[in-house]
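Coordinates in review
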Amino acid sequence: RSDSWSVQTNQTGDNYAKSDLLFAQATVVSGRKEIALKFYHQVAKVVVHVRNVGPVYGSNDVSVTIGDFNYQVVMDGTVSTDNISENYLNWTPGSTRGTITAYSIGSQPLASNETSLASFAALVIPQTVESNYCYLVIKNRNMSYPCYSSTEITWESGHSYTYEVTITRESGVWVNNVIVSPWTPQDGGSLETE
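Here is a short report on the structure shown in this document.

What counts, and at which threshold
Residues numbered from 1 in each chain as written. Predicted model: local features only at pLDDT ≥ 70, side-chain atom pairs only at ≥ 80, totals over all residues. Heavy atoms only, no water. Helix = DSSP H or I, 4+ residues; strand = E, 2+ residues; numbered from the N terminus. Buried < 20%, exposed > 50% of the residue type's maximum accessible area, 1.4 Å probe, protein only. Pairing = 2+ DSSP bridges. Axes fitted to C-alpha atoms, helices over the stretch in contact; angles between N-to-C directions. Disulfide = S-S within 2.5 Å.

As a further point, take the environment of Lys38. Within the fold, Lys38 resides in strand S3 (residues 35-41). Here Lys38 falls in the partly exposed class, since its relative accessible area comes to 42%.

Pasting the structure below:
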């Protein structure tokens, strides 16, 4: 069986949650026992921390877009339970492309004992971004700072990709740190049911 799924173009407000897709393997138990289903995120999460330095220092007008006008990301796909491995569905990326306005998660602590100017999250369809394409755009007032992929980037189901970025006047965006991790411990949550 297969189903189609798409993420929201503007993920501010409720649209962030509407973009998530959870899946749990069915467990059959005899008798009346309580079972815990482990749900796993089937989309990928992209988190961007904008450091409070350079031309954006102190700004309260920063936003992040995934993809840009010239390189739009895949916005939909089909998921299938055929021959699934572990807890992740098989994805076939769709043909709809677009850009995603990321959801603001406020200032966040960074590994370097500083706090981000602003941080954002977006849920994306699992996909591969070709090298040398703009996959992130940081906007500050009417200035845009594109971030290009130096190598191919793959966003996989159930993983979180955290980018710590520095905006410079000279060359735009430096990605200081990329952290790839399971989205949540065991990438899942438990839902008690009877």
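After that view of the structure, there is still more to cover.
It is worth spelling out the sheet that holds strand S17 (residues 159-168) at this point. The 5 strands lie next to each other as S11-S12-S4-S17-S18, forming an open sheet whose pairing is mixed. Only two strands of the sheet have a single neighbouring strand rather than two, namely strand S11 (103-106) and strand S18 (172-182). Put simply, the sheet's adjacent strands are angled 25° from each other on average, direction ignored. Sheet analysis places S17 next to S18, joined by 10 bridges and oriented antiparallel. Within S18, the residue paired with Tyr161 across the bridge is Val180.

Bringing the sheet that holds strand S5 (residues 62-66) into the picture now. Overall, antiparallel pairing links the 4 strands, which are arranged S10-S5-S14-S15 in an open sheet. The open sheet has two edge strands, strand S10 (100-101) and strand S15 (143-148), and neither has a second partner. For S5 and S10, the ladder comprises 2 bridges, and the chain directions are antiparallel. Paired with Ile66 across the two strands is Ile100, which belongs to S10.

Tallied over the full model, the rule gives 0 disulfides. Counting only cysteine sulfurs, Cys147 is the nearest neighbor of Cys134, a cysteine outside any disulfide, at a range of 7.2 Å. Exposure remark for Cys134: the relative accessible area of 2% places this residue in the buried category.

Functional significance is not addressed by these values, which are geometric in nature.
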